[in-house]
Amino acid sequence: MQKTILITGAGAGIGRVTARRFLAEGWRVALMGRREAPLRETAGTDDALILPADVGQPAEVDAAFSRLRAEWGRLDVLFNNAGIAAKAAPIDEIPVEEWLAVMQTNISGMYLCARAAFGLMRHQTPQGGRIINNGSISAHAPRPGSAPYTTTKHAVTGLTKTLALDGRAFNIACGQIDIGNALTDMTQGFTQGVRQADGAMKAEPTMPSEDVAAAVLHMAGLPLTTNVPFMTIMARDMPFIGRG
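Residues numbered from 1 in each chain as written. Predicted model: local features only at pLDDT ≥ 70, side-chain atom pairs only at ≥ 80, totals over all residues. Heavy atoms only, no water.

A. Expanded view of the overall build of the protein chain. The number of helices and strands found in the protein chain is six helices and 11 strands. Computed over its C-alpha atoms, the radius of gyration of the protein chain comes to 17 Å, within 12% of the 18 Å expected for a compact globule of 244 residues. In terms of overall dimensions, the protein chain has C-alpha extents of about 55 × 35 × 35 Å along its principal axes. Residues counted as buried form 50% of the 244 residues belonging to the protein chain. A fraction of 68% describes how many contacts in the protein chain between residues 6 or more apart in sequence connect residues 24 or more apart. As presented, the protein chain carries roughly 11,500 Å² of accessible surface, and 54% of it is formed by carbon and sulfur atoms. Computed over 23 positive and 22 negative side-chain charges, the separation of the two mean positions in the protein chain equals 5 Å. (Helix = DSSP H or I, 4+ residues; strand = E, 2+ residues; numbered from the N terminus. Rg over C-alpha atoms; globule rule 2.2 N^0.38 Å. Buried < 20%, exposed > 50% of the residue type's maximum accessible area, 1.4 Å probe, protein only. Contact = heavy atoms within 4.5 Å. Areas by Shrake-Rupley, 256 points an atom, 1.4 Å probe, with all protein chains shown as cover. Lys, Arg positive; Asp, Glu negative; His and termini not counted. Charge placed at Lys NZ, Arg CZ, Asp CG, Glu CD.)

Here it is, written out as structure tokens:
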């Protein structure tokens, strides 16, 4: 039977590259994001299921998963990928509105999509599935001025651990992929210079986003009796172990 995956944040960046990899591998792919046009550009085919929805809005998430259930009847994998960041600044210079926006997408959005996927996987036949949360190197070590983003990525780790435990009773596996310096529009500036822990501005190495897509494909293809709880994939020479 053809496997199914839903990818959030599929209109750009890692979500787009990963969606295209899964389509090329013959999966049925559902694409979720705020705007329909970028999702259709990602798909490049009528075979993908386009689900315009804001992951931070409960009613929109429920409607998207209800449509998926009606169209496909089941979901094998959720790549819980959608995320945003705030402009780097000391915490007292970050507007509360920016904090709330990052929380809504990166924590509430991830929770809502995991909740909907878990419910579908728990009650479908055969029971079970896999949830892959997009964490970050920032789930381990922060960049300067990144309080909202780093807080959310630490929270994702807690969500992953809880789902990995609670999912055992329902044949649901949950893992997290922590990504460092994959080259996307969001990280393009890293090649020019990014602030370091000592205050210096230095260019950082990046890696192709396609390498992340390959890693997600590997995690998704494992049998449900096997799990990768945490995978870190990063540009080899980026300053992670040496941060600070």
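B. Quick look at the packing of aromatic side chains. Applying the stated criterion to the full structure yields two aromatic pairs. Geometrically, the ring pair formed by phenylalanine 22 and tryptophan 27 is edge-to-face, given 4.9 Å between the ring centres and 85° between the ring planes. Exposure class is identical for phenylalanine 22 and tryptophan 27. Each is buried. Taking 5.8 Å as the distance between ring centres and 80° as the angle between the ring planes, the aromatic pair formed by phenylalanine 118 and phenylalanine 170 counts as edge-to-face. Of the two residues, phenylalanine 118 sits in helix 4 (residues 96–123) while phenylalanine 170 sits in the loop between helix 5 (147–166) and strand 6 (172–180), which places them 52 residues apart along the sequence. Assigned by exposure class, phenylalanine 118 and phenylalanine 170 land together as buried. (Phe/Tyr/Trp six-rings, centres within 6.5 Å; stacked < 30°, edge-to-face > 60°.)

C. Layout of the nonpolar core. Within the largest apolar cluster, 35 residues are counted, with the highest numbers of intra-cluster contacts made by Leu31, Ile177 and Val212. Here the element with the most residues in this core is helix 6 (residues 209–221); it accounts for six residues. Beyond its immediate chain neighbours, meaning those up to four positions away, leucine 31 contacts Ile7, Ala10, Ala19, Leu39, Thr42, Ala43, Ala48, Leu49, Ile50 and Leu51. One finds Leu78, Cys113, Phe170 and Ile172 within the second-largest nonpolar core, a separate group that totals 31 residues. (Core = buried A, V, L, I, M, F, W, Y, C linked by side-chain atoms within 4.5 Å.)

D. Looking closely at the sheet that holds strand 4 (residues 77–80). Here we have seven strands laid out as an open sheet, ordered 3-2-1-4-5-6-11, and parallel in their pairing. Unpaired on one side and paired on the other, strand 3 (49–52) and strand 11 (230–234) mark the two borders of the sheet. Going from strand to strand, the sheet's axes swing by 15° on average, the running direction of each strand aside. Lying on the sheet, helix 6 is in contact with strand 4, strand 5 (129–134), strand 6 and strand 11; it crosses strand 6 at an angle near 165°. (Pairing = 2+ DSSP bridges. Axes fitted to C-alpha atoms, helices over the stretch in contact; angles between N-to-C directions.)

E. The arrangement of the pattern of salt bridges in detail. Within the structure shown, the criterion is met by seven salt bridges. Across the pair glutamate 41 and arginine 16 runs a salt bridge, and its minimum N-O distance is 3.7 Å. Here the residue glutamate 41 occupies a position in helix 2 (residues 36–43), and arginine 16 occupies one in helix 1 (residues 13–24), the gap between them amounting to 25 residues. Note on glutamate 41: relative accessible area 52%, which makes it exposed. (Salt bridge = Lys/Arg side-chain N within 4 Å of Asp/Glu carboxyl O.)

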